[in-house]
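Here is what each chain is made of, one letter per residue.
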Amino acid sequence: MIPLVFHPIYSQLDLPVRHRFPIEKYQGIKNALLEKGVPEQQFSSPSPLDTKALSSVYDPNYVRDLCTGSLDPKAMRRIGFPWSEQLIQRTLTAAGGTVLTAELALNSGKALNLTGGYHHAFANFGSGFCMINDLYLAALHMLQSPNIDKVLIFDCDVHQGDGTAKLAENNPSVYTVSIHGEKNFPYRKQRSNLDFGLSKGTEDDEFLTTVEQAWHMAIAYFQPDAVIYDAGVDVHIDDDLGHLNITTEGVYARDAFIFQQCKTLGLPVAAVIGGGYQRNIDALVDVHLQLFKAAGVFS
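Computed from a predicted structure; not experimentally measured.

For the rest of this paragraph, the subject is the packing of aromatic side chains. In total, this model carries 14 aromatic pairs according to the counting rule given. Arranged with centres 4.4 Å apart and planes meeting at 15°, the rings of F122 and F125 form a pair that is stacked. The exposure class assigned to F125 is partly exposed, which follows from its relative accessible area of 22%. Every member of this aromatic cluster is reached through a ring pair, and the members are F6, Y10, F21, Y26, F81, F129 and Y277. It is K25 that lies over the ring of Y277; its NZ or CZ is 5.8 Å from the centre. The lysine or arginine in question, K150, covers the ring of F222, its NZ or CZ lying 5.2 Å from the ring centre.

Here it is in structure tokens:
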């Protein structure tokens with residue numbers, strides 16, 4: 001069985017009415033997978049990260065202020081959530097889930113987290129609904145394995161993985177690739193190892209060609225030992241924040257390509273679901289399910 005990682009807290013966050021973040025989608029994905037016959041025992045439950053361990057990677061003052069509710073109000077506005085103890089527990093558990101997913105992927109070949117992809121978080125501040133960068137933490141965790149010397153973070157979310165790029169910029173063991181909307185958030189881009197900015201309205205053929213080109217370039221140059229894949233579905237044509245015209249079939253083709261490539265090359269892959277911002281939660285869940293279908297979780 002392909003390991004899946006989930007905790008109910010992923011969808012437990014009290015937000016203001018009409019808040020832009022679709023907090024219900026995580027539980028929706030879990031429910032949909034159960035309905036498709038995925039057994040409960042296929043899911044592993046993560047523990048929240050230890051804040052002391054976080055402080056060895058991120059700015060200790062930022063970690064302390066974030067977790068105690070002492071962040072400047074302007075810094076919280078940049079994150080986009082009202083502060084609460086629930087928010088911190090959810091954040092630490094979600095990031096712990098991606099680290100667990102990375103560990104399970106090394107053991108099983110592939111694993112998927114039903115959240116993750118908080119790639120706008122930097123070492124000393126959060127942004128765009130992201131407080132702790134789980135992708136970079138998971139890469140560091142993989143690098144602790146004796147057989148893993150190089151990790152590729154392959155980010156297909158519609159928004160550039162700016163925090164990930166900045167965190168990894170001086171780490172030659174982590175290679176960052178971002179395929180994103182050029183005119184979308186964040187408006188000040190960072191420099192990934194490879195960046196591919198797509199024009200508004202980009203459709204399936206150009207998108208999939210770009211994904212394949214980016215993948216082959218990264219593999220040829222970096223030759224990674226493991227992959228972390230951010231499968232954001234905010235590239236979808238119906239996404240409120242995406243501005244691209246990628247169909248559900250295009251999303252599936254992208255995800256299937258990545259899993260097939262990892263299998264062919266014998267690369268363990270830890271996948272996270274990334275962003276997706278349709279207000280219709282059922283429709284949004286359906287697009288996210290393409291990742292699990294492509295991975296072979298269900299047929």
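Here we come to the pairing of strand 8 (residues 269–272). Side-chain alternation along strand 8 places V269 and A271 on one buried face and A270 and V272 on a second face that is also buried. For strand 3 (residues 110–113) and strand 8, the ladder comprises 4 bridges, and the chain directions are parallel. Across the sheet, the residue bridging to K110 is V269, located in strand 8. By the bridge criterion, 4 bridges tie strand 7 (residues 226–230) to strand 8 in an arrangement that is parallel. Counted as the bridge partner of D230 is V272 from strand 8. A crossover connection joins strand 7 to the parallel strand 8 through helix 9 (residues 248–265); in handedness this β-α-β unit is right-handed.

Turning next to the pattern of salt bridges. In total, this model carries 5 salt bridges according to the counting rule given. Between K30 and E40 there is a salt bridge, with its nearest N and O atoms 3.1 Å apart. With a gap of 10 residues between them, K30 in helix 1 (residues 25–35) and E40 in the loop between helix 1 and strand 2 (43–44) connect regions that are remote in the sequence. Here K30 falls in the buried class, since its relative accessible area comes to 8%.

The rules we used
Residues numbered from 1 in each chain as written. Predicted model: local features only at pLDDT ≥ 70, side-chain atom pairs only at ≥ 80, totals over all residues. Heavy atoms only, no water. Phe/Tyr/Trp six-rings, centres within 6.5 Å; stacked < 30°, edge-to-face > 60°. Buried < 20%, exposed > 50% of the residue type's maximum accessible area, 1.4 Å probe, protein only. Lys NZ or Arg CZ within 6 Å of the ring centre and 35° of its normal. Helix = DSSP H or I, 4+ residues; strand = E, 2+ residues; numbered from the N terminus. Pairing = 2+ DSSP bridges. Right-handed = clockwise from strand over helix to strand, strands pointing away. Salt bridge = Lys/Arg side-chain N within 4 Å of Asp/Glu carboxyl O.

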